[in-house]
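Here is what each chain is made of, one letter per residue.
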Amino acid sequence: MLSIISKKIIKPFTPTPSTQRWHKLSHLDQGLTHMLIPFVFFYPKNQVNAIPNGAKQISDLLANSLSKTLTCYYPWAGSLKDNATIECDDNGAEFLEVQINSPMDNVVNHPDSNVKDLTFPQGVPWGNDVDRTLTIAQLSYFECGGIAISACLSHKIGDARRAYCFLRDWAALTRSTKTIRPSPYFVEDSILPSPIGAGPLISPIYRSNVDECVQKRFIFSSAKLSALKSSIDMQNVTSNEAVNALLYKCAASSAAIVNSGSLNQSQLFQFADMRDMTSPQLPPNSIGNILSALSSPIYHNKEELKLSNLVVDIRKSKDNLSTSGEKRFAIKMLLDAYGTGKCDVYLSSNLCKFPFIQDLDFGFGEPIRASIGRGPYNKVFFLMRTHDGGIEALVHLNEQDMSVFEHDKHLLEFATPVGHS
């Protein structure tokens, strides 16, 4: 179904200055696994045909602009050394071109997320210990004439917000050579340095159980989002609060049904961007893993899973985060929760604040869909914006839990499954 056309290394357009040779990773950067965050964007034939010489011209444009982007985001063109340091040696990024022998629609809307993941290099999305470059991009051609552009970026250097900025600037530099070059600010270890006298942390490796679960898509339209928020007996419920509460409630309830009606103890974690909470406040172009995790209480029974109760707890966790000082950067509690296995841990990452669809115009229009690769773990939710202002939820559960979850009447009252067989 897939054949590789070419593979090359893209070097930064200009060499990285010797003064920027070493990029120091913060204590939080060191505590993260060496995962590659995978994003993909789909463009139909009519948009591709708007470019003279079509696919060939697009390939050249993407390679040239990627080179210029790497000049500004130079650590992503470097080499990871000892888990505390990246050598900015202009090692470069991988750039692959592949042919997928299928119409684009069959991949975009296929019920098996493994088919969509053909748009990424095999084994790379969320790879824990991928011995390759820190940036890997792929241009996929479909037999219908449409294309997909994907990029996998090392989580060691930055979080999803910074990956979005890299992709946004890559698109802007492709659209126009007159685009002003971005000037990102790399915080490195200025916020959370390693303890004095301590050596680098040993890079953690958490076993991915992605092969034991499936990813399925659920769309919350703008109208259904309004209805969902109105159904919760509280003031000013946000879309993020409402969707996370519903997904978590339905997922935990589905697991209980699979478990013969017995509800396991469970807990919801959500990633939180800390850039606006630092003192002094960081500039908006800050690059790094500047995040923490909001945690709910551990729930023991179904009565605790009422949506209004879950929203209250989500709000409490936000309030606690904003007043917890340096503790707000600690994600250790999340990693410990995954490691101990004392309760079921559900993790949500809200990407709705990043306008991927609007900003990922490489010169031939906005993508018809933006998505993220399957993984990295079971019991994970990713939330992304749709064209009409709704929310697409990418839900990862094991097959047994998913078989119940996708038929949950409360869920289907507000969410529409996509591409399910």
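Presented here is an overview of the structure given in this document. Remember, predicted model here, so these are calculated numbers, not experimental data. (Residues numbered from 1 in each chain as written. Predicted model: local features only at pLDDT ≥ 70, side-chain atom pairs only at ≥ 80, totals over all residues. Heavy atoms only, no water.)

### Some details on the overall build of the protein chain
Reasoning step 1: Secondary structure summary: the protein chain contains 13 helices and 18 strands in total.
Reasoning step 2: Over its C-alpha trace the protein chain gives a radius of gyration of 21 Å, about what one expects of a compact globule, namely 22 Å for 421 residues.
Reasoning step 3: For the protein chain, the C-alpha atoms occupy an extent of roughly 60 × 60 × 35 Å along the three principal directions.
Reasoning step 4: The contacts in the protein chain between residues at least 6 apart in sequence include a share of 79% that link residues at least 24 apart.
Reasoning step 5: A total accessible area of about 17700 Å² is found for the protein chain, and carbon and sulfur atoms account for 51% of it.
Reasoning step 6: The protein chain carries 40 positive and 41 negative side-chain charges, and their two centres are separated by 2 Å. (Helix = DSSP H or I, 4+ residues; strand = E, 2+ residues; numbered from the N terminus. Rg over C-alpha atoms; globule rule 2.2 N^0.38 Å. Contact = heavy atoms within 4.5 Å. Areas by Shrake-Rupley, 256 points an atom, 1.4 Å probe, with all protein chains shown as cover. Lys, Arg positive; Asp, Glu negative; His and termini not counted. Charge placed at Lys NZ, Arg CZ, Asp CG, Glu CD.)

### A closer look at empty space enclosed by the protein
Reasoning step 1: Applying the stated rule across the entire model yields four cavities of 30 Å³ or more.
Reasoning step 2: Estimates place the volume of the second largest cavity at around 80 Å³.
Reasoning step 3: Per-class residue counts for the lining of the second largest cavity are six nonpolar, three polar and two charged. (1 Å grid on protein atoms, 1.4 Å probe; cavity = no way out; pocket = protein on both sides within 12 Å on 5 of 7 lines; lining within 4 Å. Points joined across faces, edges and corners; volume = space filled by probe spheres on them. Nonpolar A, V, L, I, M, F, W, Y, C, P; charged D, E, K, R; others polar.)

### A look at helix α8 (residues 239-258)
Reasoning step 1: Taking 1.5 Å per residue, 20 residues should reach 28 Å; α8 reaches 28 Å between its end C-alpha atoms and fits that length.
Reasoning step 2: Directly after α8, the chain includes Ser 260, whose backbone phi takes a positive value near 60°. (Expected span 1.5 Å × (residues − 1).)

### Quick notes on the nonpolar core
Reasoning step 1: Counting 62 residues, the largest nonpolar core has Phe 39, Leu 167 and Phe 356 as its most contacted members.
Reasoning step 2: With eight residues, helix α6 (residues 160-175) is the largest single contributor of residues to this core.
Reasoning step 3: Filtering out sequence-adjacent residues up to four positions away, Phe 356 remains in contact with Phe 39, Phe 41, Tyr 164, Leu 167, Leu 351, Pro 367, Ala 370 and Met 384.
Reasoning step 4: Within the second largest apolar cluster, 38 residues are counted, among which are Phe 218, Ala 255, Leu 383 and Ala 415. (Core = buried A, V, L, I, M, F, W, Y, C linked by side-chain atoms within 4.5 Å. Buried < 20%, exposed > 50% of the residue type's maximum accessible area, 1.4 Å probe, protein only.)

### Overview of the sheet that holds strand β18 (residues 416-418)
In a beta sheet, neighbouring strands are held together by backbone hydrogen bonds and run either parallel or antiparallel to one another.
Reasoning step 1: Read from one edge to the other, the open sheet built from seven strands follows the order β13-β11-β14-β16-β17-β10-β18, with strand pairing classed as mixed. Each of the sheet's edge strands pairs with one partner strand only, and the pair in question is β13 (291-295) and β18. Strand-to-strand twist of the sheet, defined as the mean angle between neighbouring strand axes without regard to direction, takes the value 25°.
Reasoning step 2: As paired strands, strand β10 (residues 213-220) and β18 are joined by three bridges and run antiparallel to one another. Of the residues in β18, the one forming a bridge with Arg 217 is Val 418.
Reasoning step 3: Contacts from α8 reach β10, β11 (266-273), β14 (344-350), β16 (380-385) and β17 (391-398) within the one sheet, and its direction differs from that of β16 by about 150°. (Pairing = 2+ DSSP bridges. Axes fitted to C-alpha atoms, helices over the stretch in contact; angles between N-to-C directions.)

### Details of the environment of Ala 255
Reasoning step 1: By secondary structure assignment, the location of Ala 255 is in helix α8.
Reasoning step 2: You can call Ala 255 buried: its relative accessible area is 11%.
Reasoning step 3: In contact with Ala 255, not counting residues within four places along its chain, are Tyr 346 and Asp 401.

### Points about the pattern of salt bridges
Reasoning step 1: Going through the model one piece at a time under the given rule, you end up with 14 salt bridges.
Reasoning step 2: Glu 303 serves as the salt-bridge partner of Lys 306, at 3.6 Å between the closest nitrogen and oxygen.
Reasoning step 3: According to the relative accessible area criterion, Lys 306 is partly exposed, its value standing at 48%.
Reasoning step 4: A relative accessible area of 57% places Glu 303 in the exposed class.
Reasoning step 5: Where salt bridges share partners, they join Asp 159, Arg 161, Asp 273 and Arg 275 into one cluster. (Salt bridge = Lys/Arg side-chain N within 4 Å of Asp/Glu carboxyl O.)

### With respect to a nonpolar patch on the surface
Reasoning step 1: A grouping of Met 1, Leu 2 and Ile 4 is seen on the molecular surface, where their side chains present a nonpolar patch of about 300 Å² in accessible area.
Reasoning step 2: Looking at the element boundaries, Met 1 is found in the segment before β1 (2-10).
Reasoning step 3: What makes Met 1 exposed here is its relative accessible area of 51%. (Patch = residues over 30% accessible without salt bridge, like charges linked within 9 Å, V, L, I, M, F, W, Y side chains within 5 Å.)

### Some thoughts on unusual backbone geometry
Reasoning step 1: The amide bond that connects Gly 375 to the next residue, Pro 376, takes the cis arrangement and shows omega of 0°.
Reasoning step 2: Within the secondary structure, Pro 376 sits in the loop between β15 (369-372) and β16.
Reasoning step 3: A positive phi angle, close to 60°, is found at Asp 90, a residue other than glycine.
Reasoning step 4: Within the secondary structure, Asp 90 sits in the loop between β5 (85-87) and β6 (93-100).
Reasoning step 5: One non-glycine residue with positive phi stands out, namely Lys 379, at about 65°.
Reasoning step 6: Mapped onto the elements of the fold, Lys 379 is located in the loop between β15 and β16.
Reasoning step 7: Look at Lys 379 and you get buried, because its relative accessible area is 13%.

### Here we look at the packing of aromatic side chains
Reasoning step 1: According to the stated counting rule, one finds 19 aromatic pairs in the structure shown.
Reasoning step 2: Centroid distance Tyr 248 to Tyr 346: 5.4 Å. Interplanar angle 75°. Geometry classified as edge-to-face. Taken together, the positions of Tyr 248 in helix α8 and Tyr 346 in strand β14 put the pair 98 residues apart, joining distant regions of the chain.
Reasoning step 3: Judged by relative accessible area, Tyr 346 falls into the buried class, the value being 0%.
Reasoning step 4: Through a chain of ring-to-ring contacts, three or more aromatic side chains come together here, namely Phe 39, Phe 41, Tyr 164, Phe 354 and Phe 356.
Reasoning step 5: If you follow Lys 68 out to its NZ or CZ, it ends over the ring of Phe 13, 5.5 Å from the centre. (Phe/Tyr/Trp six-rings, centres within 6.5 Å; stacked < 30°, edge-to-face > 60°. Lys NZ or Arg CZ within 6 Å of the ring centre and 35° of its normal.)

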